[in-house]
Amino acid sequence: MSSERHLLLSSFIKKIHKDLRTNSETLGVDRAWKEHCKNESALKEYAQCMKLLATQHWDKKHKEDAKNSRNAWIVHQINDYFLNKIYLARRKKEATEKEMNCLTCPVKTSDFQEPYSLLDVGSCYNPFKDVVNFVTTAIDICPATDDVFKCDFLNLSTLDPIKDDVQPREPKSCRDNIQMENLDLPSETDPENLLGELGEPKRKHVPCIKSIHCESFDVVVFSLLLEYIPCSKLRFQCCVKAYHILKHEGILIIITPDSKHQTSPNVQIMKKWKLTLQEIGFKRIKYEKLTHIHCMIFRKSSLVPEINDVLLSQGELAIPQDFNKNSSENNENDKRSNDSDTRPESQCVSINDSGTKAESQCVSNDFMSLPSDH
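Residues numbered from 1 in each chain as written. Predicted model: local features only at pLDDT ≥ 70, side-chain atom pairs only at ≥ 80, totals over all residues. Heavy atoms only, no water.

Per an unreviewed UniProt entry, the protein chain goes by S-adenosylmethionine sensor upstream of mTORC1 and derives from Cacopsylla melanoneura. In its Function (unreviewed entry) section, the UniProt record describing the protein chain reads: "S-adenosyl-L-methionine-binding protein that acts as an inhibitor of mTORC1 signaling. Acts as a sensor of S-adenosyl-L-methionine to signal methionine sufficiency to mTORC1. Probably also acts as a S-adenosyl-L-methionine-dependent methyltransferase." Per its UniProt entry, the protein chain bears the Sequence similarities (unreviewed entry) comment "Belongs to the BMT2 family." (UniProt positions renumbered as here; feature names shortened; annotations may be inferred.)

Bringing the nonpolar core into the picture now. Core analysis: the largest hydrophobic core is formed by 87 residues, its most contacted members being F222, L252, I253 and I254. Looking at this core, the element that brings in the most residues is helix 3 (residues 40–61), giving nine residues. With sequence-adjacent residues up to four places away left out, I254 is seen in contact with F222, L226, C239, W273, L277, H294, C295, M296 and F298. (Core = buried A, V, L, I, M, F, W, Y, C linked by side-chain atoms within 4.5 Å. Buried < 20%, exposed > 50% of the residue type's maximum accessible area, 1.4 Å probe, protein only. Helix = DSSP H or I, 4+ residues; strand = E, 2+ residues; numbered from the N terminus. Contact = heavy atoms within 4.5 Å.)

Once that is clear, we can look at unusual backbone geometry. Of the consecutive residues E114 and P115, the connecting peptide bond is found in the cis state with omega at -5°. Following the sequence through the fold, P115 ends up in the loop between helix 5 (86–100) and strand 1 (116–121). The phi dihedral of K85 falls on the positive side, at around 55°, and the residue is not glycine. As for its placement among the helices and strands, K85 is situated in the loop between helix 4 (70–83) and helix 5. Taking relative accessible area as the criterion, K85 reaches 40% and is therefore assigned partly exposed.

The final tally for this structure, using the stated rule, is eleven aromatic pairs. Here the aromatic cluster, defined as three or more aromatic residues joined through ring pairs, consists of Y81, F82, Y87, F112 and Y116. Of note, K241 hangs over the ring of F153, and the distance from its end group to the ring centre comes to 5.7 Å. Directly above the aromatic system of Y243 lies the positively charged group of K300, at a separation of 4.5 Å from the ring centroid. (Phe/Tyr/Trp six-rings, centres within 6.5 Å; stacked < 30°, edge-to-face > 60°. Lys NZ or Arg CZ within 6 Å of the ring centre and 35° of its normal.)

Bringing the pattern of salt bridges into the picture now. Per the stated rule, a full pass over the model turns up ten salt bridges. Taking the shortest distance from any N to any O, the salt bridge between R299 and E94 comes out at 2.9 Å. Note that R299 is positioned in strand 10 (residues 293–300) and E94 in helix 5, a separation of 205 residues in sequence. The buried category is assigned to E94, whose relative accessible area is 5%. Linking K129 and D147 is a salt bridge whose minimum nitrogen-to-oxygen distance equals 3.3 Å. Residue K129 is located in the loop between strand 1 and strand 2 (134–140), and its partner D147 is located in the loop between strand 2 and strand 3 (149–150); the two are separated by 18 residues in the primary sequence. Overall, K129 belongs to the partly exposed group, its relative accessible area being 48%. Sharing partners across several salt bridges, the network here consists of R91, E94, E249 and R299. (Salt bridge = Lys/Arg side-chain N within 4 Å of Asp/Glu carboxyl O.)

So, in structure tokens, the structure goes:
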């Protein structure tokens with residue numbers, strides 16, 4: 001059963017999401033996002049709420065439990081993909097596909113070695129910092145901890161890849177692939193906040209990432225990120241940007257919440273994600289339903305597609321909230337999410353590469369609602 005404090009944190013986060021979607025409809029997405037990023041007090045409180053939820057509720061309950069913990073699942077899957085050379089098996093499969101279908105697209109591959117470079121997008125508190133074989137760059141529009149870089153991923157610039165003959169000065173830090181600047185923020189404490197204990201002094205000098213070179217990272221993680229983005233086109237653009245930032249054969253990991261467990265027509269939305277991202281060169285190689293969350297891995301194929309400019313400008317990744325215009329319906333979804341851990345837990349379902357029938361048996365009616373527990 002969720003505690004009162006737990007539900008208070010969840011409710012505040014859901015309110016921020018809902019307000020951002022509402023403002024996007026009334027003001028336009030660009031203006032709404034710009035004003036959202038300027039609201040330092042709300043963003044700071046949001047970041048602290050997410051940190052408290054993750055560290056004091058989710059992580060404690062599912063510590064080192066890959067069957068239910070999103071972070072443990074991510075660590076396990078990354079190590080499995082690289083250490084067990086799954087990327088080489090996929091490379092061989094794609095080479096066969098190219099030959100059998102007489103494809104003329106170019107082939108690009110990458111060499112991977114520990115530590116693996118990981119870009120954690122929307123990471124307010126850097127949960128992977130202590131994983132010994134990862135070099136993590138955590139970014140967020142409002143970091144909750146000093147080891148997270150301030151960065152608006154939607155407006156992040158991408159630069160040309162660094163040439164192979166240029167030897168990085170700090171190969172383990174990936175800093176040669178990143179351009180940064182320091183932002184000067186006044187040192188102050190919020191006078192009032194939701195729980196009365198979230199305010200912390202702002203850092204005076206905040207490192208901010210402005211651009212990243214393409215083909216820089218082995219892994220990009222979107223954990224509970226895409227449902228935060230208020231527009232389907234911007235969600236798609238986030239994935240396009242991840243594609244460019246990843247090395248060839250690198251992986252994009254997407255974690256998205258689901259507070260229910262029965263069969264749902266939303267499976268068609270997830271299938272559309274798979275098909276849409278496939279058009280830009282991502283192949284979904286793993287799908288798994290854990291308690292309250294959907295976990296997906298998309299591989300940047302070694303077969304480089306010719307991406308349609310129309311798709312790049314008009315591609316979309318929809319979520320159920322995009323179709324929920326009725327506020328009472330949204331409120332009911334929130335209520336169901338808050339009550340979610342009083343229902344029986346779901347059966348874990350795993351899909352590799354294909355298998356939409358099994359997938360349809362576990363997707364819920366409101367899989368984008370923030371989970372009360374996971």
